[in-house]
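These are the residues of each chain, in order.
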Amino acid sequence: MKKIFFLSVIFLLAACDGKHAEPMSETTEKDQEFLFTSRQVGAITNGTTVDNLYELYGKDNVKKVEILTDPTTNKTEETYYILDQENKVILDATPKEDQLNRARINRISIKDKRFVSEKGIGLASSLGEIKEAYPNYQFLPSSENIIMYIPDLNANFTLNKKTLGQKQWWDTTTNTIIADSLSGKARISDIDIYWDNYEGSIFTGEFWRELLHDVLNWIIREVPSILILIAIFIGLMRLLTVTTSRMKKVVMRRAEKAKDIDLQEASKRITTLSGIIFGIGKIFLWVIFLLILLSKFNINIAPILASAGIVGLAVGFGGQELVRDVISGFFILLEDQLRTGDWAIINGTTGLVEKIELRTITLRDSSGVVHIFQNGKINSLSNMTKEWSAIVIDVGVAYKEDIDRVQEVMQQVGDRMQADKQYADKILEPVDVQGVTELADSAVIIRVRIKTRPVQQWYIGREYRRLLKKAFDERNIEIPFPHISLYWGEASKDFKVKIDR
């Protein structure tokens, strides 16, 4: 029986609670929908932006209009009308700044009588009811209206002077409104809620409450989108890296299949161009990312873009050297004058091209010293390894040697090298023994030229000299060293020279 009794009590309590809960929930929801306070008007709160209006009420229920505020200068102000389901204006909201969807709303005008404060005050209330509900108020005269400011609501209640009758309500001596002379039955025509218009300092609680509210509101609104933006940026940077790498591999595979393309030369050009493409893509992504990130912090990027245009104009006049470098670098790449990995002579300096950029070229000489050249200041550029290379060797032999025999030996050495697998893929054409080029003091100079693949000329030259020395030794062909003969005239006798050991 006790169990049945307790179950009956619990059931009755639940039933009673259920009866009262539903109406209270409906009333609360209804009150919230049409409630206004110092920090809230319906669904709009202090910190709501223009974008949030569309999210709260839908695009079809928010209409943007331009209102003329100063006929003399044609100055306009953006206002957003909030419509209900019957297409009637219930609110109009004005942001701090025009043409900025992330600007916060700082003024709300109530147009619907259903909006009431926590004390039941709304457009249907009389002046007497407002005074009774909010004793703390002050009157502010204007040209056509009397403004009743309620600090508790941050709201202005507008009274039209034409509805106040002929009763004297203005004190000409003190130039103030005689509050007691205003009829308590007078009706208000407008209610305007203002935000961020208090007179505060960092030492007031209102300032810190407002600051905390703004920070939390910004975190809730913007931090998730910033995290998504960072993730997208990292993904795009990764995608750019992978795409550039794959593009390089695809082009390299096509170059390998082509029979009329030098693979080594193609590799240099592909490496250079892929590096430039990656650099330009990276700069583009960083610029877009930073501009979007600044807009997330409510920083207007329009002045930044305008400043960029001004900077561009200034660069055009003051940065002519930079522009010249960039243009020169562009044509170096376009005309394929130089590639990464080439050996070149730039302004008299010889070295390996390590990096080519739009503004500079980095060259490392054989001693390991790095040289940086501005593209616009390159007066002479000699590419020693473009498409093919060659080495010219001058060989000196004694005057007593048979020149035809020497040239035959030199040709044989070159032919053997070209037939050797170790050198065959590096030598492009048969060795060209060009013949006698000079009759020097101590030797007859014979010139030979060997055409090789790029960068291989020095290796082939060293090997040719080594093998030629061996061939000359086997055939007793003399490679002379400098010597001097003394001649004393025909009448003089020969000197007798004795060598003591």
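Structure shown above.
All values derive from a computational prediction rather than experimental measurement.

Engineer: Can you help me understand the overall build of the protein in this one?
Structural biologist: A count of helices and strands for the protein gives 10 helices and 20 strands. Taking the intrachain contacts of the protein between residues at least 6 apart in sequence as the baseline, contacts between residues at least 24 apart amount to 56%. Split by element, the accessible area of the protein, about 32100 Å² in all, is 58% carbon and sulfur.

Engineer: What is the right way to look at a nonpolar patch on the surface in this model?
Structural biologist: Together, Val323, Ile327, Phe330, Phe331 and Leu334 give the surface a local cluster of nonpolar side chains, amounting to about 440 Å² of exposed area. Of note, phenylalanine 331 is situated in helix α7 (residues 320–334).

Engineer: How do you make sense of the packing of aromatic side chains when you look at a structure like this?
Structural biologist: One pair of aromatic rings is described through two measures. These are the centre distance and the angle between the planes. Going through the model one piece at a time under the given rule, you end up with eight aromatic pairs. For the pair tyrosine 137 and phenylalanine 139, a centre-to-centre distance of 5.5 Å together with 75 degrees between the ring planes defines the contact as edge-to-face. Look at tyrosine 137 and you get partly exposed, because its relative accessible area is 26%. Ring geometry for tyrosine 423 against tyrosine 459: centres 6.2 Å apart, planes inclined by 40 degrees, an arrangement best described as tilted. On the criterion of sequence distance, the pair formed by tyrosine 423 in helix α9 (residues 421–424) and tyrosine 459 in helix α10 (residues 457–474) is long-range, its members being 36 residues apart.

Engineer: What should I look at first to understand the environment of arginine 114 in this one?
Structural biologist: Inspection of the secondary structure assignment puts arginine 114 in the loop between β6 (105–110) and α3 (127–133). In this structure arginine 114 comes out as partly exposed when scored by relative accessible area, which is 42%. Within the structure, the side chain of arginine 114 is placed 3.5 Å from the side chain of aspartate 84, a separation counted as a polar contact.

Engineer: Honestly, the sheet that holds strand β14 (residues 349–356) in this entry has me stumped. Any pointers?
Structural biologist: Note: strands within a sheet are paired through backbone hydrogen bonds, in either parallel or antiparallel orientation. Taken together, five strands build an open sheet; the order of strands is β16-β15-β14-β13-β17 and the sheet is antiparallel. Only two strands of the sheet have a single neighbouring strand rather than two, namely β16 (370–374) and β17 (381–383). Recorded for the sheet is a direction-independent mean angle of 40 degrees between the axes of neighbouring strands. One ladder, built from four bridges, connects β14 with strand β15 (residues 360–364); its direction is antiparallel. Looking at the pairing, lysine 355 lines up with threonine 362 of β15.

Engineer: Hey, could you run me through the side chain of serine 109 in this one?
Structural biologist: For serine 109, the location among the structural elements is in strand β6. Relative accessible area serves as the criterion here: at 6%, serine 109 is assigned to the buried category. Within the local environment of serine 109, its side chain forms a polar contact with the side chain of aspartate 192, the two groups lying 2.5 Å apart. Beyond its immediate chain neighbours, meaning those up to four positions away, serine 109 contacts Ile90, Leu91, Asp92, Ile191 and Asp192.

Engineer: Explanation requested: the environment of threonine 79 in the structure shown.
Structural biologist: With respect to the helices and strands, the residue threonine 79 is situated in strand β4 (residues 75–83). A sequence separation of 17 residues divides threonine 79 from valine 62, and the C-alpha atoms of the two residues are 10.0 Å apart. Look past the residues within four positions of threonine 79 in its chain and what remains in contact with it is Lys63, Lys64, Val65, Ile67, Asp92, Ala93, Thr94 and Arg107.

Engineer: Help me understand the nonpolar core, please; the structure alone is not making it clear to me.
Structural biologist: Within soluble globular proteins, side chains that are nonpolar generally end up buried alongside one another. Membership of the largest hydrophobic core comes to 37 residues, with the highest contact counts inside it found for Leu91 and Phe157. Looking at this core, the elements with two or more residues in it are α2 (50–57), β4, β5 (89–95), β6, α3, β8 (145–150), β9 (155–160) and β12 (190–194). Once you skip the residues sitting within four places of it in the chain, phenylalanine 157 turns out to touch Phe36, Ile121, Ile130, Ile146, Ile147, Met148, Ile150, Ile188, Asp190 and Ile191. Of all hydrophobic cores here, the second largest spans 23 residues; its members include Tyr423, Val444, Ile460 and Ala471.

Engineer: Honestly, α10 in this entry has me stumped. Any pointers?
Structural biologist: Note: α-helices contain 3.6 residues per turn, so residues at a spacing of three or four share the same orientation. For α10, with 18 residues, the first-to-last C-alpha span of 26 Å sits near the 26 Å given by 1.5 Å per residue. Turning to α10, its buried residues number three or more, namely Gln457, Ile460, Gly461, Glu463, Tyr464, Leu468, Ala471 and Phe472. Summarising the axial view, the buried residues of α10 lie within an arc of 170 degrees, below the 170-degree limit, and thus occupy one face. The positive-phi residue at the C-terminal boundary of α10 is asparagine 476, with phi of around 55 degrees.

Engineer: It is not clear to me how the environment of lysine 470 should be interpreted in this structure. Could you clarify?
Structural biologist: On the secondary structure map, lysine 470 appears in helix α10. Taking relative accessible area as the criterion, lysine 470 reaches 47% and is therefore assigned partly exposed. Taking the C-alpha atoms as reference points, lysine 470 and valine 413, 57 residues apart in sequence, are found 9.8 Å from one another.

Engineer: Whenever I open this one, the pattern of salt bridges confuses me. Can you help?
Structural biologist: Two side chains carrying opposite charge are able to pair once their charged atoms lie near each other. This structure, assessed with the given rule, holds 16 salt bridges. Across the salt bridge formed by lysine 64 and glutamate 78, the nearest N and O atoms sit 3.3 Å from each other. One end of the pair, lysine 64, is in strand β3 (residues 62–70); the other, glutamate 78, is in strand β4, and 14 residues separate them in sequence. Owing to a relative accessible area of 1%, glutamate 78 belongs among the buried residues under this scheme. Within this structure, Asp84, Asp112 and Arg114 form a network of salt bridges that share partners.

Engineer: Explain the pairing of β6 here, please?
Structural biologist: Note on strand geometry: in a regular strand, side chains alternate between the two faces of the sheet. By the bridge criterion, five bridges tie β5 to β6 in an arrangement that is antiparallel. Of the residues in β6, the one forming a bridge with aspartate 92 is serine 109.

Engineer: Sorry if this is basic, but what is going on with the sheet that holds strand β19 (residues 432–439) here?
Structural biologist: Ordered by their spatial adjacency, three strands build an open sheet running β18-β20-β19, and the pairing between neighbours is antiparallel. Each having just a single partner strand, β18 (389–397) and β19 make up the two edges of the open sheet. The average undirected angle you get between the axes of adjacent strands in this sheet is 25 degrees. When β19 meets strand β20 (residues 444–452), the two strands line up antiparallel, connected through six bridges. Within β20, the position partnered with aspartate 432 by the bridge is arginine 449. Across the face of the sheet, α10 comes into contact with β18 and β20 while running at roughly 25 degrees to β18.

Conventions and cut-offs
Residues numbered from 1 in each chain as written. Predicted model: local features only at pLDDT ≥ 70, side-chain atom pairs only at ≥ 80, totals over all residues. Heavy atoms only, no water. Helix = DSSP H or I, 4+ residues; strand = E, 2+ residues; numbered from the N terminus. Contact = heavy atoms within 4.5 Å. Areas by Shrake-Rupley, 256 points an atom, 1.4 Å probe, with all protein chains shown as cover. Patch = residues over 30% accessible without salt bridge, like charges linked within 9 Å, V, L, I, M, F, W, Y side chains within 5 Å. Salt bridge = Lys/Arg side-chain N within 4 Å of Asp/Glu carboxyl O. Phe/Tyr/Trp six-rings, centres within 6.5 Å; stacked < 30°, edge-to-face > 60°. Buried < 20%, exposed > 50% of the residue type's maximum accessible area, 1.4 Å probe, protein only. Polar contact = N/O pair within 3.5 Å; in protein donor to acceptor, adjacent residues only side chain to side chain. Pairing = 2+ DSSP bridges. Axes fitted to C-alpha atoms, helices over the stretch in contact; angles between N-to-C directions. Core = buried A, V, L, I, M, F, W, Y, C linked by side-chain atoms within 4.5 Å. Expected span 1.5 Å × (residues − 1). Arc of directions from axis to C-beta.

Everything listed is a geometric property; what it means functionally is a separate question.
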